[in-house]
Amino acid sequence: MRLIITDNYKKLSRRTARHVAGQIELKPDCNLGLPTGSTPLGMYDVLVKLHQEEGLSLAEVSTFNLDEYRGLDRNHPRSFYNYMAENFFQHVDIKEENINFLDGTAGDIEQECQRFENKIATSGGIDLMVLGIGRNGHIGFNEPGKELKSNSHLAELAEETIKANQRFFQEEEEVPAQALTMGMGTILKSDRILLLASGRSKAWAVKELMKNRITPEFPASFLRVHPWVTLIIDQEAADKI
Ligand code: F6R
């Protein structure tokens, strides 16, 4: 794993966006794996600027989002699809048909997960996967536990994750307790992976990730088996290493 420590969040965002833009320039029809959450917001901002001011085109890019809440329609204000639309898709020239999501409202979950896996495979696999990391070491919604699922699946959110995600919901709204997520195997099949971590709340997770061990109790540790992972973290997230 390669480690890049930036001075602050702004630099982390610029560095990551430049990397993603470089991938798009090298392979305009690349497949990107994308996260939601707070951490990638700055990266999406910079990518939008690169599109608007420097002509970066996503016209041939396909995207595969990591996860979606169970039960939320894509148009629900708190769905991850809506987050992506508001923060990224609406502001760039990506084609609607190239945006791929797990459908949180699917009746047959197994079939939906299989459809998503097949789509990734028939599209040629993910060239570059961008990931955030949970404070507890989750990746996508692969939460700590006795075992991890390899393929896309329905996941139960950890108590800590539900609490952490409450900030995206109105007070009276409940955070869904389940989500559809890419599995650890789906993620590890990506050609290259960027993992982002920002702020002191991620310092423990970053420290754990540096340890020479792999355990489902800390899902991000599985990234250690991948040949091309770059961690881009800011000073605060690097506090404990
Ligand atoms: C989001 C996702 C999650 C987040 C993680 C960190 O699509 O898959 O694993 O990356 O929970 O979230 P933030 O960036 O909000 O701290």
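Quick caveat, the model's predicted, so the values are computed rather than measured.

Procedures and definitions
Residues numbered from 1 in each chain as written. Predicted model: local features only at pLDDT ≥ 70, side-chain atom pairs only at ≥ 80, totals over all residues. Heavy atoms only, no water. Helix = DSSP H or I, 4+ residues; strand = E, 2+ residues; numbered from the N terminus. Expected span 1.5 Å × (residues − 1). Buried < 20%, exposed > 50% of the residue type's maximum accessible area, 1.4 Å probe, protein only. Arc of directions from axis to C-beta. Contact = heavy atoms within 4.5 Å. Polar contact = N/O pair within 3.5 Å; in protein donor to acceptor, adjacent residues only side chain to side chain. Lys, Arg positive; Asp, Glu negative; His and termini not counted. Salt bridge = Lys/Arg side-chain N within 4 Å of Asp/Glu carboxyl O. Phe/Tyr/Trp six-rings, centres within 6.5 Å; stacked < 30°, edge-to-face > 60°.

A. Geometry of helix α4 (residues 109-122). Helix length check: α4 (14 residues) gives 20 Å between terminal C-alpha atoms against 20 Å at 1.5 Å per residue, within 8%. Among the residues making up α4, those that are buried are Ile109, Glu112, Cys113, Phe116, Glu117 and Ile120. Relative to the axis of α4, the buried residues are bounded by an arc of 135 degrees and lie together on one face. Residues of α4 that are exposed and angled more than 90 degrees away from the buried face: Glu110, Gln111, Ala121 and Thr122. On its buried side, α4 packs onto β3 (62-65), β5 (99-100), β7 (153-156), β8 (178-181) and α6 (184-188). One side-chain oxygen of the residue at the start of α4 lies 3.3 Å from the amide nitrogen of glutamate 110, identifying that residue as aspartate 108. Where α4 terminates, the next one or two residues include glycine 124, which has phi positive at roughly 100 degrees.

B. Highlighting the side chain of glutamate 117. Residue placement: glutamate 117 occurs in helix α4. No salt bridge is formed by the buried glutamate 117. Its closest oppositely charged neighbour is lysine 189, at 4.0 Å. Dropping the residues within four chain positions of it, glutamate 117 is found in contact with Asn151, Ser152, Thr186 and Lys189.

C. Layout of the packing of aromatic side chains. As enumerated under the stated definition, the model contains 11 aromatic pairs in all. For the pair tyrosine 69 and phenylalanine 141, a centre-to-centre distance of 6.1 Å together with 35 degrees between the ring planes defines the contact as tilted. One end of the pair, tyrosine 69, is in strand β4 (residues 67-69); the other, phenylalanine 141, is in the loop between β6 (128-131) and β7, and 72 residues separate them in sequence. Assessed through its relative accessible area of 1%, tyrosine 69 is described here as buried. According to the relative accessible area criterion, phenylalanine 141 is buried, its value standing at 4%. Plain terms: the ring middles of tyrosine 69 and phenylalanine 169 are 5.6 Å apart, the flat faces sit at 75 degrees to each other, and that makes the pair edge-to-face.

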